[in-house]
Amino acid sequence: MALALLGSTALTAVTAQAADKEISWIYCGDTIDPVHTKFIKQWEEKNAGWKIAPEVVGWAQCQDKATTLAAAGTPVAMAYVGSRTLKEFAQNDLIVPVPMTDDEKKSYYPHIVDTVTFEGNQWGVPIAFSTKALYWNKDLFKQAGLDPETPPKTWAEEIAMAKTIKEKTGIPGFGLSAKTFDNTMHQFMHWVYTNNGAVTDADGKVTLDSPQILAALKAYKDISAYAEEGPTAYEQNEVRAIFLDGKVAMIQAGSGAADRLKKTTISWGITTLPLGPDAKGPGTLLITDSLAIFKGSGVEDKATEFAKFITSPEVQSEYELQGGAGLTPLRPSAKVDEFVAKDPYWKPLIDGISYGGPEPLFTDYKGFQNSVIEMIQSVVTGKAEPEAALKKAAGEIEAFK
């Protein structure tokens, strides 16, 4: 009986200890997505004694908070981060690898795993993915005497159509992002990846100063003449707002624009991004956000298990295909095929993946980003010619790789 009581006491102690096991999660945004709430509960029911403890932190602060806690030696178990920061976290020994099996890698669309891979290891689990396509206002095309059913297929056509629209209607032909904001760099990278360009090569060598990227920067400058006034005051969501008001003819945007356009009276179309002269096929910047597993929490293995569950195909298909979040599916599936058949606007957002490319991984990502934004602004405002601005930026980012 004494042994039985001792065993019972020990079991109670173990159960109490297990009940205290939690996975803290810095969750970016204003609220937890209902899809995630549903599946968190499901995972907890199957993992007795474990609790997921999400802390909702605004987009502007969430990544800095995760970094500060990790650097102070009090890391959260897991955090939602931009995949572009994973290299910096890894090199500072703040996160643990999250290796993927070959089957896991093959389940994603092409190049997605590249966005979390550094020195042969995966350092995060992709949870959100965005691509861009070209949206055009058919009414403004018609007003300018252009065929409203024929969008531009090349940069040259895009610039020419933007010029015609601006001259014939007085309305900007293209919405250009050039604000001091991270997505200005992203918007430019869509031009890089629609001309077979790359910021770094497979060995990590900086290849920013290339003919392909110079052509992209020149095209960005050329189309700025037919964009909204003062593009350095606009980031992509502000440009999208102008488009939704019918005050600009073409923009680069994700699936969130289609969801919003459905609620307007605008006659609109969507197609893959126009191609530069060296393009091999439809391209786009492939941006992913990931779940990073921080070192030193004591629950790294269980956090990894949960991260893979909450990003599994069943969960992701519900999370991604809501439309309003502006996401693109991470993986092909029968459910994605159903959505494409029902809402054809998904197709060009997916078609650009094949020749797309990831955000370049830099040790000092913000330094790289700021150099590219300064380069874009100097060209758009006429303070520098594209050749000089590109060489300057290429020299600067050598220090950030």
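Just above, that's the structure.
Just so we're clear, the structure is a prediction, and the values are computed from it rather than from any experiment.

S.K.: Explain the layout of surface pockets here, please?
M.R.: It is a probe the size of a water molecule, rolled over the atoms, that shows where empty space is left. Considered as a void within the structure, the second largest pocket measures approximately 660 Å³ in volume. Surrounding the second largest pocket, 31 residues form its lining, T200, D201, A202, P358 and P360 being those nearest its centre. Among the secondary structure elements, those contributing two or more residues to the lining of the second largest pocket are strand 4 (117–118) and strand 11 (357–358). Within the lining of the second largest pocket, the residues separate by chemical class into ten nonpolar, 13 polar and eight charged.

S.K.: Would you explain the sheet that holds strand 7 (residues 133–137) in this entry?
M.R.: Within a sheet, adjacent strands bond to each other through the backbone by hydrogen bonds, running parallel or antiparallel. The strand order 8-7-9 describes an open sheet built from three strands, whose pairing is antiparallel. Here the strands that pair on one side only, and so sit at the sheet edges, are strand 8 (250–253) and strand 9 (268–271). Across the sheet, the mean angle separating the axes of adjacent strands is 25° when strand polarity is ignored.

S.K.: Which parts of the structure should I look at to understand the pattern of salt bridges?
M.R.: Opposite charge on two side chains permits them to pair, given that their charged atoms come into close proximity. For the structure shown, the criterion picks out 19 salt bridges. Among the salt bridges present, the one from R84 reaches E359, with a minimum N-O distance of 3.4 Å. Highlighted residues: R84 in the loop between strand 3 (78–82) and helix 4 (86–91) and E359 in the loop between strand 11 and helix 16 (365–380), separated in sequence by 275 residues. For R84, a relative accessible area of 13% puts it in the buried group. Of the residues examined, E359 reaches a relative accessible area of 5% and is grouped as buried. One salt bridge connects K138 with E149, and the closest N-O pair in it is separated by 3.0 Å. Separated by eleven residues along the polypeptide, K138 in helix 6 (residues 138–143) and E149 in the loop between helix 6 and helix 7 (155–169) bring together distant segments of the chain.

S.K.: Explain the packing of aromatic side chains to me, please; I cannot follow it from the model alone.
M.R.: The description of an aromatic ring pair rests on the distance of the ring centres and on the angle between the ring planes. On inspection of all chains with the given rule, the structure shows 16 aromatic pairs. Where W191 meets Y220, the ring centres are 5.7 Å apart and the plane angle is 85°; that geometry is what we call edge-to-face. Here Y220 lies in helix 9 (residues 211–224) and W191 lies in helix 8 (residues 182–192), a separation of 29 residues in the sequence. Y220 shares its class with W191; the two are buried. Grouped by ring-pair contacts, the aromatic residues W25, Y27, F39, W43, F306 and F309 constitute a single cluster.

S.K.: Help me understand the nonpolar core, please; the structure alone is not making it clear to me.
M.R.: Nonpolar side chains tend toward joint burial in soluble globular proteins. Counting 76 residues, the largest nonpolar core has I23, W25, Y135, F294, F306 and I310 as the members making the most contacts within it. The contacts of F306, once residues within four sequence positions are left out, are I23, W25, I40, W43, I52 and M78. Listed in part, the 53 residues of the second largest apolar core include W155, W191, A249 and F368.

S.K.: Help me understand the pairing of strand 6 (residues 125–130), please; the structure alone is not making it clear to me.
M.R.: Successive residues of a regular strand alternate their side chains across the two faces of the sheet. Of all the six residues making up strand 6, six are buried; the element is thus mostly covered by neighbouring parts of the structure. Relative to strand 10 (residues 285–293), strand 6 is paired through five bridges, and the arrangement is antiparallel. Each residue of the ladder has a partner; that of P126, found in strand 10, is S290.

S.K.: Would you explain the environment of N196 in this entry?
M.R.: Locating N196 in the fold gives a position in the loop between helix 8 and helix 9. For N196, a relative accessible area of 41% gives the class partly exposed. In the structure, N196 is positioned 92 residues away from E104 in sequence and 27 Å away in space, judged by C-alpha atoms.

S.K.: What is the right way to read the state of the cysteines from this model?
M.R.: This structure, assessed with the given rule, holds one disulfide. Covalent S-S linkage joins C28 and C62, the inter-sulfur distance amounting to 2.1 Å. For the disulfide bridge between C28 and C62, the dihedral angle about the S-S bond is near 95°, and by the sign convention the bridge is right-handed. Pair noted here: C28 is in strand 1 (residues 21–28) and C62 is in helix 3 (residues 59–71), with a separation of 34 residues, a long-range link. Given the relative accessible area of 4%, C28 is considered buried. The class of C62 is buried, set by a relative accessible area of 2%.

Criteria and thresholds
Residues numbered from 1 in each chain as written. Predicted model: local features only at pLDDT ≥ 70, side-chain atom pairs only at ≥ 80, totals over all residues. Heavy atoms only, no water. 1 Å grid on protein atoms, 1.4 Å probe; cavity = no way out; pocket = protein on both sides within 12 Å on 5 of 7 lines; lining within 4 Å. Points joined across faces, edges and corners; volume = space filled by probe spheres on them. Helix = DSSP H or I, 4+ residues; strand = E, 2+ residues; numbered from the N terminus. Nonpolar A, V, L, I, M, F, W, Y, C, P; charged D, E, K, R; others polar. Pairing = 2+ DSSP bridges. Axes fitted to C-alpha atoms, helices over the stretch in contact; angles between N-to-C directions. Salt bridge = Lys/Arg side-chain N within 4 Å of Asp/Glu carboxyl O. Buried < 20%, exposed > 50% of the residue type's maximum accessible area, 1.4 Å probe, protein only. Phe/Tyr/Trp six-rings, centres within 6.5 Å; stacked < 30°, edge-to-face > 60°. Core = buried A, V, L, I, M, F, W, Y, C linked by side-chain atoms within 4.5 Å. Contact = heavy atoms within 4.5 Å. Disulfide = S-S within 2.5 Å.

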